[in-house]
Amino acid sequence: MTVQNNDYGANKIQALEGLEAVRKRPGMYIGSTDIKGLHHLVWEVVDNSIDEHLAGHCDRIDMIVHKDQSMTVKDNGRGIPVGLHEKLQKSALEVVMTVLHAGGKFDKDTYKVSGGLHGVGVSCVNALSSYLKAEVHREGKVFTQEYSQGKPTTAVLEVGDSSDTGTYISFKPDATIFETTEFKYDTLAQRLKELAFLNKGLYLYLVDEREIEDDGSFRSESFHSEGGLVEYVQYLDESRTAFLEEPIYVTGKKDEVEVEVAMQYNTGYSENIYSFVNNIATKEGGTHVSGFKRAITREFSKYGNDSGFFSKLKFTVSGEDFREGLTAVVSVKVPEPQFKGQTKGELGNSEVTSIVSQCVGDVLKHYLEENPKKAKQIIDKVVLAATAREAARKARESVQRKNVLAGGGLPGKLSDCTSKDPTESEIFLVEGDSAGGTAKQGRDRHFQAILPLRGKILNVEKALEHKIYDNEEIKNMFTALGVSIEEKDGERVLNLDKLRYHKIVIMTDADVDGSHITTLILTFFFRYMRALVERGHIYIAAPPLYQVKKGKQSMYCWNEDERKAAIEAYTQGSGNDGSVKIQRYKGLGEMNAEQLWDTTMDPVSRILRQVTIDDAMEADRVFSMLMGEEVPPRRDFIERNAKYAKVDI
Ligand code: 0RA
């Protein structure tokens, strides 16, 4: 019999609790060392400043990206305490910056995130930075301390006087740890925008000293929202037509759980619920979203039944009928959140369901009583949704039945692979028959299938669900992929049990039309096959933009820098670039089968980008903006993005 020696484990953990542990296994603390992990450093610092805001001591945060890829985050909070930490006989500042998990020991009254990856403390950022400087304005003075890889290189120094308070953290991520150290403006801006909506009243500023505007100033943006979640919902729906004059707004608090919700109905058909726990997005929802849905179903059902609006219906109204054309943001603050699910993006605390349900239910009940006209309009819309769902079910079942009667055959246009093992099989969704033909010749038929998609795929923004099953291309996609939509407890679910390929690759031309088609296909996946995106089955192929040739040598290039480097490499020595030929690929059709295989399809040399739910969500937003009825936001979007857009619109 073996006896587990628990003491050994505990001691070992103790010994590893220094910042060395963070450097040894960075992934355990910040998730990864790729571009995502890099930005995680920023959010770790900003989280601390946001905590100061939540505690009522900070209304401004500045973020500055410097030319050398270092970053400064400034806040006007209380400033990290600098006094002596009795037990460790060091300045509290040094303790916060150099001892793992020390930050939380000082502050009370704020919502700390114990699950997920946030909340590991600013000392982790210090450990993973080749250089860090903390500057504290407090008690009328300015104090600084500098570090390298988490170790102090100076004492805590008093360097001057100050009439305000705050904390400035400047850090340079350690290039020996991170795969890339280049911060992305769009990633920073997008999250700051979200944080502004989630924390009304807070001023957030972003300055990027790496990019100079035409007038000589740095690229910069500010983010602020007085309306908070109400403005967030209005922003999310800016290209849709609102149903209610103002979004319905809910706030409440029970047992230390804070609830804040804004919701609006629009004339569209999709359901968009965005949820957050302690300012962190919960992509997979969880108990707070369940509570929200429960309240909607309960209150509207009761109202619809009591007022007799549902009495003539020949079928039942389901939960999702109440959420058609609903856009909502559900934000909760939970003292000790538990995160579940594959990506830890789902709230697990069971007590939160009834708290949210009660808060939202109270407000909804009141709203329906006070606004009978609006209530009737919403109920009419729900009845329409239920009717449409019934029609969609019939259309879907008819298509599925016809397919079974026809022998359950695969689409004629599909060139299937020979392998029957979904885990090794791939399907390329290719724009146009001619590129489809080239792909068919170029592929490895053992594991690669080709489905050409012809013409404009149905504009899913305006189509009612039952109409999409009339569309050949869409029917082909369902049958080729082997997925089906089924109903369980009145909710539509995507059945992936018979999924025929684990990699679904969208392959379009590297031009404007191609990127539109990609947006269109992504929008379709986002709305009707979301589970495929969530499980990471969707990819985008990246064909090269150029081939640079000299004699028998050639190089494929995916961007301008590579093109310049290739020309440089071929002209060196000869001083004669006349023999160098550059071919610009605009379409897949310009490559022959062998070239397409080498550059875009061969698993050894190709570049595939896995589509995240964020990408799909953004595609959906861009798509509804470009296709939607409201023209001004579309024009505004194009103008705002024209300068920085990577694809021109
Ligand atoms: C510990 C205690 C207090 C504030 C902070 C840390 C603090 C940390 C960071 C990190 C970035 N900005 C920050 N601002 C504050 C409370 C201080 C007090 O009670 O005065």
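Residues numbered from 1 in each chain as written. Predicted model: local features only at pLDDT ≥ 70, side-chain atom pairs only at ≥ 80, totals over all residues. Heavy atoms only, no water.

1. Considerations on the overall build of the chain
When its secondary structure is counted, the chain shows 21 helices and 28 strands. Burial analysis of the chain (649 residues in total) assigns 49% to the buried set. Here the contacts in the chain between residues at least 6 apart in sequence split such that 68% fall between residues at least 24 apart. Total accessible area on the chain is roughly 31,200 Å²; 50% of this is exposed by carbon and sulfur atoms. (Helix = DSSP H or I, 4+ residues; strand = E, 2+ residues; numbered from the N terminus. Buried < 20%, exposed > 50% of the residue type's maximum accessible area, 1.4 Å probe, protein only. Contact = heavy atoms within 4.5 Å. Areas by Shrake-Rupley, 256 points an atom, 1.4 Å probe, with all protein chains shown as cover.)

2. Remarks on helix 19 (residues 593–601)
Residues of helix 19 that are buried: A593, Q595, L596, T599, T600 and M601. Along the axis of helix 19, the buried positions cluster into a sector of 150°, meaning they face one direction only. The opening residue of helix 19 is N592, an N-cap whose side-chain oxygen sits 3.1 Å from the backbone nitrogen of E594. (Arc of directions from axis to C-beta. Polar contact = N/O pair within 3.5 Å; in protein donor to acceptor, adjacent residues only side chain to side chain.)

3. Looking at the packing of aromatic side chains
Counted according to the given criterion, the structure contains 11 aromatic pairs. Here F300 and F322 contribute two aromatic rings whose centre-to-centre distance is 6.2 Å and whose plane-to-plane angle is 20°, an arrangement assigned as stacked. Of the two residues, F300 sits in helix 10 (residues 287–306) while F322 sits in the loop between helix 10 and strand 16 (326–333), which places them 22 residues apart along the sequence. For the pair F300 and F322, one class covers both residues: buried. On the basis of an interplanar angle of 45° and a centroid distance of 5.9 Å, the ring pair of Y469 and F478 is categorised as tilted. For F478, a relative accessible area of 9% gives the class buried. Among the aromatic side chains, those forming a connected cluster through ring pairs are Y469, F478, F524, F525 and Y528. Sitting over the face of the ring of Y185, R219 holds its NZ or CZ atom 3.7 Å from the ring centroid. The cationic tip of R530 hangs over the ring face of F526; the distance from NZ or CZ to the ring centre is 3.9 Å. (Phe/Tyr/Trp six-rings, centres within 6.5 Å; stacked < 30°, edge-to-face > 60°. Lys NZ or Arg CZ within 6 Å of the ring centre and 35° of its normal.)

4. What to know about the sheet that holds strand 16
Taken in spatial order, the five strands line up as 12-13-16-14-15 in an open sheet, and their pairing is mixed. At either end of the open sheet lies a strand with only one pairing partner, and these are strand 12 (248–254) and strand 15 (280–281). For strand 14 (residues 272–277) and strand 16, the ladder comprises six bridges, and the chain directions are parallel. Paired with N272 across the two strands is T327, which belongs to strand 16. Taken strand by strand, helix 9 (residues 229–236) contacts strand 12, strand 13 (257–265), strand 14 and strand 16, and its axis lies near 145° from that of strand 16. (Pairing = 2+ DSSP bridges. Axes fitted to C-alpha atoms, helices over the stretch in contact; angles between N-to-C directions.)

5. Remarks on the pattern of salt bridges
Under the counting rule described, the total for this entry stands at 30 salt bridges. One salt bridge in this structure joins K141 and D161, with 3.8 Å as the shortest N-O distance. Note that K141 is positioned in strand 6 (residues 141–148) and D161 in strand 8 (residues 157–161), a separation of 20 residues in sequence. Since its relative accessible area comes to 65%, D161 is described here as exposed. For E426, the salt bridge identified is with R606, shortest N-O distance 2.8 Å. Pair noted here: E426 is in strand 19 (residues 426–431) and R606 is in the loop between helix 19 and strand 28 (608–610), with a separation of 180 residues, a long-range link. (Salt bridge = Lys/Arg side-chain N within 4 Å of Asp/Glu carboxyl O.)

6. Thoughts on the pairing of strand 5 (residues 129–138)
Among the 10 residues of strand 5, seven are classified as buried, and the element is accordingly described as predominantly covered. Where strand 5 meets strand 9 (residues 166–173), eight bridges bridge the pair, whose relative direction is antiparallel. Across the sheet, the residue bridging to L132 is F171, located in strand 9. Looking at chain direction, strand 5 and strand 6 are connected through seven bridges and run antiparallel. Bridging across to strand 6, K133 finds its partner in E146. Counted along the chain from strand 5 to the antiparallel partner strand 6, the turn is two residues long, and its residue E139 has a positive phi close to 55°.

So yeah, pure geometry; function would need other evidence.
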